[in-house]
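Next come the chains, spelled out residue by residue.
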Amino acid sequence: MATYVVAGTTAATALIGTPRRRSSLASQSSSQLALNFPQNHSYRHRTSKTFSPIYASVSASTAPVTKPDDLVGTILSKVMQTDRGVLLTGDEHKSVAEVAQELQRFCVDEPVKCPLIFGEWDVVYCSNPTSPGGGYRSAFGRLFFKTNEMLQVVEAPDIVRNRVSFSLFGFLDGEVSLKGKLNVLDEKWIQVVFEPPELKVGGLNFQYGGESEVKLEITYVDEKIRLGKGSRGSLFVFQRRKP
């Protein structure tokens with residue numbers, strides 16, 4: 001649900017869309033076809049023969065009904081091992097979006113009130129690969145920053161914690177964390193207002209920047225995954241972390 005900030009740039013963008021400064025935002029059914037062949041007419045000097053009606057039944061095969069579990073497995077297979085979407089082509093991103101659209105049909109009513117939204121979630125995909133982590137997830141930024149983990153924790157009743165862990169040049173570990181308050185906007189949309197991010201690199205630990213806020217529409221949630229769409233249209237896939 002949010003966006004992360006690394007070294008002065010919003011580094012949690014994978015979770016709730018693109019943040020803005022708080023000051024700037026206020027079966028196919030079976031069918032049967034009967035073919036009736038009429039009796040032949042009796043002709044003079046010939047024996048009259050009667051052809052009984054023949055009925056041919058043709059049944060259209062019933063298309064399999066797609067289940068949510070099948071769609072969940074499909075979308076996870078498309079996004080895993082892709083560096084959260086970075087390695088996917090345009091057509092592959094489109095394929096992910098199509099599965100997400102199908103899953104949206106099975107979303108519970110008023111997902112913002114569903115207790116399944118709470119828990120620990122890994123960010124496994126974003127349709128805008130540079131959103132999670134801002135510039136540090138760009139082609140240039142990835143040369144220096146390796147993302148190890150992107151995690152979002154949603155705690156009842158209204159706390160959101162985002163954390164991005166990374167390694168700088170492959171040997172210096174660090175992380176950026178944000179704490180925010182969740183506000184329900186309607187039955188599907190939420191807003192999270194974040195406190196200034198906290199950066200830890202080596203032995204350094206400090207807070208910088210100001211508040212930020214993000215908005216996200218919850219389009220699907222179950223025991224395994226959560227789908228969200230940011231205010232600017234980015235699609236996010238979160239996978240529930242196993243206990």
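See the structure shown above.
Residues numbered from 1 in each chain as written. Predicted model: local features only at pLDDT ≥ 70, side-chain atom pairs only at ≥ 80, totals over all residues. Heavy atoms only, no water.

Caption draft 1: Representation of the pattern of salt bridges. What the rule picks out here adds up to 9 salt bridges. Between glutamate 110 and lysine 113 there is a salt bridge; the shortest N-O distance is 3.2 Å. For lysine 113, a relative accessible area of 62% corresponds to the exposed category. Residue aspartate 122 is joined to arginine 241 by a salt bridge in which the shortest nitrogen-to-oxygen separation is 2.6 Å. One end of the pair, aspartate 122, is in strand β4 (residues 119–126); the other, arginine 241, is in the segment after β13 (235–240), with 119 residues separating them in the sequence. With a relative accessible area of 18%, aspartate 122 lands in the buried category. One salt-bridge network, held together by shared partners, links Asp122, Glu149, Arg163, Glu175 and Arg241. (Salt bridge = Lys/Arg side-chain N within 4 Å of Asp/Glu carboxyl O. Buried < 20%, exposed > 50% of the residue type's maximum accessible area, 1.4 Å probe, protein only. Helix = DSSP H or I, 4+ residues; strand = E, 2+ residues; numbered from the N terminus.)

Caption draft 2: The packing of helix α1 (residues 68–79) against helix α2 (residues 90–104), seen in detail. Between α1 and α2, the least distance of the axes is 10 Å, while the angle of their chain directions is 160°. By the criterion of interaxial angle, the relationship of α1 to α2 is roughly antiparallel. Handedness of the crossing formed by α1 with α2: left-handed. Residue-level contacts link Pro68, Leu71, Val72, Thr74, Ile75, Lys78 and Val79 of α1 to Ser95, Val96, Val99, Ala100, Glu102 and Leu103 of α2. Taken together, the residues that form the contact of α1 with α2 break down as 9 nonpolar, 2 polar and 2 charged. (Axes fitted to C-alpha atoms, helices over the stretch in contact; angles between N-to-C directions. Parallel < 35°, antiparallel > 145°, perpendicular 65-115°, else oblique. Left-handed = near helix turned anticlockwise from the far one by under 90°. Contact = heavy atoms within 4.5 Å. Nonpolar A, V, L, I, M, F, W, Y, C, P; charged D, E, K, R; others polar.)

Caption draft 3: Quick peek at the pairing of β13. Bridging between β4 and β13 involves 5 bridges; their strand directions are antiparallel. Looking at the pairing, cysteine 126 lines up with phenylalanine 236 of β13. In this sheet, β13 lies alongside strand β12 (residues 225–230) in antiparallel orientation, the contact comprising 5 bridges. Looking at β13, one finds that arginine 226 is bridged to phenylalanine 238. Hairpin remark: β12 followed by β13, antiparallel, with 4 residues in the connecting loop; positive phi at glycine 233, about 95°. (Pairing = 2+ DSSP bridges.)

Treat this as a map of the structure, not an account of what it does.
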